[in-house]
Amino acid sequence: MTAPYAVQLEEARGRFYSEVEALSPFRSPWQRDRDRVLHSTGFKTLQYKTQVFLNHEGDFFRTRLTHSLEVAQIARSVARNLGVNEDLTEVIALAHDLGHTPFGHAGEDALAHAMKEWGGFDHNLQSLRLVTEVESRYQAFDGLNLTWETLEGLAKHNGPVKKPSSWLVDFDQAYPLKLTSYASIEAQIASICDDIAYHGHDLDDGLRAGLLKFEDLEEVPLLKTYLDEVRALDWKKRDPVDRDQRMRHELVRRVINALISDLTENSLLTLKDLAPQSADDVRYAGRAIIGFSMDMAKKNKEVRKFLYANMYRHWRVLRMARKARKALTEIFSILGDDPRLLPSSWREKAIMKQKTGDETACRRVVADYIASMSDRYAMEEHARLTDLSILV
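Note that the coordinates shown come from a computational prediction; the quantities given were computed from them, not determined experimentally. (Residues numbered from 1 in each chain as written. Predicted model: local features only at pLDDT ≥ 70, side-chain atom pairs only at ≥ 80, totals over all residues. Heavy atoms only, no water.)

Asks: Whenever I open this one, the overall build of the chain confuses me. Can you help?
Replies: Along its length, the chain carries 17 helices and 0 strands. For the C-alpha atoms alone, the extent of the chain along its principal axes is close to 70 × 55 × 35 Å. Per-residue burial for the chain yields a buried fraction of 54% across its 392 residues. For the chain, restricting intrachain contacts to residue pairs at least 6 apart in sequence, the fraction spanning at least 24 positions comes to 72%. As displayed, the chain has an accessible area near 19,100 Å², and 52% of this comes from carbon and sulfur atoms. (Helix = DSSP H or I, 4+ residues; strand = E, 2+ residues; numbered from the N terminus. Buried < 20%, exposed > 50% of the residue type's maximum accessible area, 1.4 Å probe, protein only. Contact = heavy atoms within 4.5 Å. Areas by Shrake-Rupley, 256 points an atom, 1.4 Å probe, with all protein chains shown as cover.)

Below is the structure:
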């Protein structure tokens, strides 16, 4: 039984295109959403999209796919602890990065700059575009036709939308998502569990790759606490060869557990204080309900600052990021100037927009195409468009 402030099945607001939910009697609407996301082309492509390290740099570094799975696992645990809708929480977590470009944030930066004159680019908004327009799987509609609650979560999981893009304004007029309110408690959980997941696994990958050393972590209070705890374990019986691997795992699991525990405990206190009696009480509470305690929020911010300075700005990461931005910028420039060079299905869409004189819509098709690429495909497409030795 879910808490009164959770999104309830009997209050589900349906889908943009009407469907008979009874056709799937053994699945809730949000389980159907989850399955549509899992089977989508966009979700499969996340397997070959950068988290921090490019896919070809190693088989065991996180990708956008493994990141999304870890977010969903953590988010479901928190949702269960708070007695809210686990299925809705899970699908928002799984879908939150569907719109990410190849090459991670470097790719997003490049595409945002390239699209500056035509409405910009944001991976969160692109996730919403992908599930409402870009995916082409069903005879009856474009996109995945996900439920209102899932679309609301994708649009607002980072909070009320204060400056919506023109595309989102148009979408909201056709299918109002209450952009000025907070999202459901389930979407808030998915959002903050995104932070927990990437802080944990980026720390793990940074240590694995040698960009970080255990000694470096001593400057961060939260990390030092659990590093000291791990070092105090009895390591005498363990082979020195795999000791670092075990230490790394023991450290990361403690950090993630501390963040989840604090988030759960503090959110329960907030819920007790505000006592919301419905999902709309959460939406109109005037503040985020899901969050860390002040002390943990400070410590978490210190972890973020440390990773930014020592990992995301490491010369190895910066070097690859610069190459990625250059590649995507050149792809956009070439295809945007001449959309006839796009593959057939994309070409038809772009040229049709261009013929109506809508250059913004034409460029948006190019951006959709680039955002849908995997790292590997983007590198291959760049070579096809710029390398004279490649004939096709």
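Asks: Please clarify how the layout of surface pockets should be interpreted in this entry.
Replies: Summary: where empty space remains is shown by rolling a probe the size of a single water molecule over the atoms. The volume enclosed by the largest pocket comes to roughly 950 Å³. Forming the boundary of the largest pocket are 41 residues, of which Q51, R64, H105, A106 and Y312 lie nearest the centre. Among the elements that make up the lining of the largest pocket, the one with the highest residue count is helix α14 (residues 315-337) (10 residues). In the lining of the largest pocket, the residues fall into 14 nonpolar, 12 polar and 15 charged. The computed volume of the second largest pocket comes to approximately 570 Å³. (1 Å grid on protein atoms, 1.4 Å probe; cavity = no way out; pocket = protein on both sides within 12 Å on 5 of 7 lines; lining within 4 Å. Points joined across faces, edges and corners; volume = space filled by probe spheres on them. Nonpolar A, V, L, I, M, F, W, Y, C, P; charged D, E, K, R; others polar.)

Asks: Explanation requested: helix α17 (residues 375-386) in the structure shown.
Replies: Side chains that are three or four residues apart share a direction in an α-helix, a result of its 3.6 residues per turn. The terminal C-alpha atoms of α17 lie 17 Å apart, and with 12 residues this matches the ideal 16 Å at 1.5 Å per residue to within 8%. Those residues of α17 lying buried are D375, A378, E381 and H382. The arc enclosing the buried residues of α17, seen along the axis, measures out at 125 degrees, which places them on a common side. Those residues of α17 that are buried are in contact with α14 and α16 (359-371). (Expected span 1.5 Å × (residues − 1). Arc of directions from axis to C-beta.)

Asks: Looking at this model, I keep getting lost on the pattern of salt bridges. Mind explaining?
Replies: Pairing is possible between side chains of opposite charge, provided their charged atoms come close. This model, assessed by the stated rule, comprises 32 salt bridges. With a shortest N-O distance of 2.7 Å, D33 and R15 are connected by a salt bridge. Placement of D33 in helix α1 (residues 29-38) and of R15 in the segment before α1 is noted, with a sequence separation of 18 residues between them. Here D33 and R15 have matching classes, each one buried. Taking the shortest distance from any N to any O, the salt bridge between K299 and D295 comes out at 3.3 Å. Taken together, the residues K299 and D295, both in helix α13 (residues 294-312) and 4 residues apart, mark about one turn of the helix. By relative accessible area, which is 26% here, K299 ends up partly exposed. Taken together, the shared-partner salt bridges in this structure form one network comprising R27, R34, D35, R76, R80, E86, D87 and E90. (Salt bridge = Lys/Arg side-chain N within 4 Å of Asp/Glu carboxyl O.)

Asks: Looking at this structure, how should I read the environment of V7?
Replies: Looking at where V7 falls in the secondary structure, it is placed in the segment before α1. Its relative accessible area of 5% is what places V7 among the buried residues. It is 8.7 Å that separates the C-alpha atoms of V7 and D280, two residues lying 273 residues apart in sequence. The contact partners of V7, leaving out residues within four places of it in the chain, are W30, N85, L88, E149, S184, E186, A279 and R283.

Asks: Help me out: how do you make sense of the nonpolar core in this one?
Replies: It is characteristic of soluble globular proteins that their nonpolar side chains tend to be buried jointly. Residues V37, L177, I189, C193, L217, L251 and I370 are the most contacted members of the largest nonpolar core, which totals 113 residues. No other element matches helix α9 (residues 185-209), which puts 12 residues into this core. (Core = buried A, V, L, I, M, F, W, Y, C linked by side-chain atoms within 4.5 Å.)

Asks: What is the right way to look at the environment of P343 in this model?
Replies: For P343, the location among the structural elements is in the loop between α14 and α15 (344-355). A relative accessible area of 28% places P343 in the partly exposed class. Not counting residues up to four positions away in its chain, the partners in contact with P343 are Y369 and Y377.

Asks: In this structure, what is going on with helix α7 (residues 148-156)? I would like to understand it.
Replies: When you tally the buried positions in α7, you get 9 out of 9 residues, the bulk of the element. Taken together, the buried positions of α7 are occupied by W148, E149, T150, L151, E152, G153, L154, A155 and K156.

Asks: It is not clear to me how the packing of aromatic side chains should be interpreted in this structure. Could you clarify?
Replies: Given two aromatic rings, their pairing is described by the distance between the two centres and the angle made by the two planes. Counted by the stated rule, this structure contains 9 aromatic pairs. On the numbers, 5.5 Å between centres and 50 degrees between planes, the contact of W346 with Y369 is tilted. Placement of the pair is W346 in helix α15 and Y369 in helix α16, with a sequence separation of 23 residues. By relative accessible area, W346 is classed as buried at 15%. The buried category is assigned to Y369, whose relative accessible area is 3%. (Phe/Tyr/Trp six-rings, centres within 6.5 Å; stacked < 30°, edge-to-face > 60°.)

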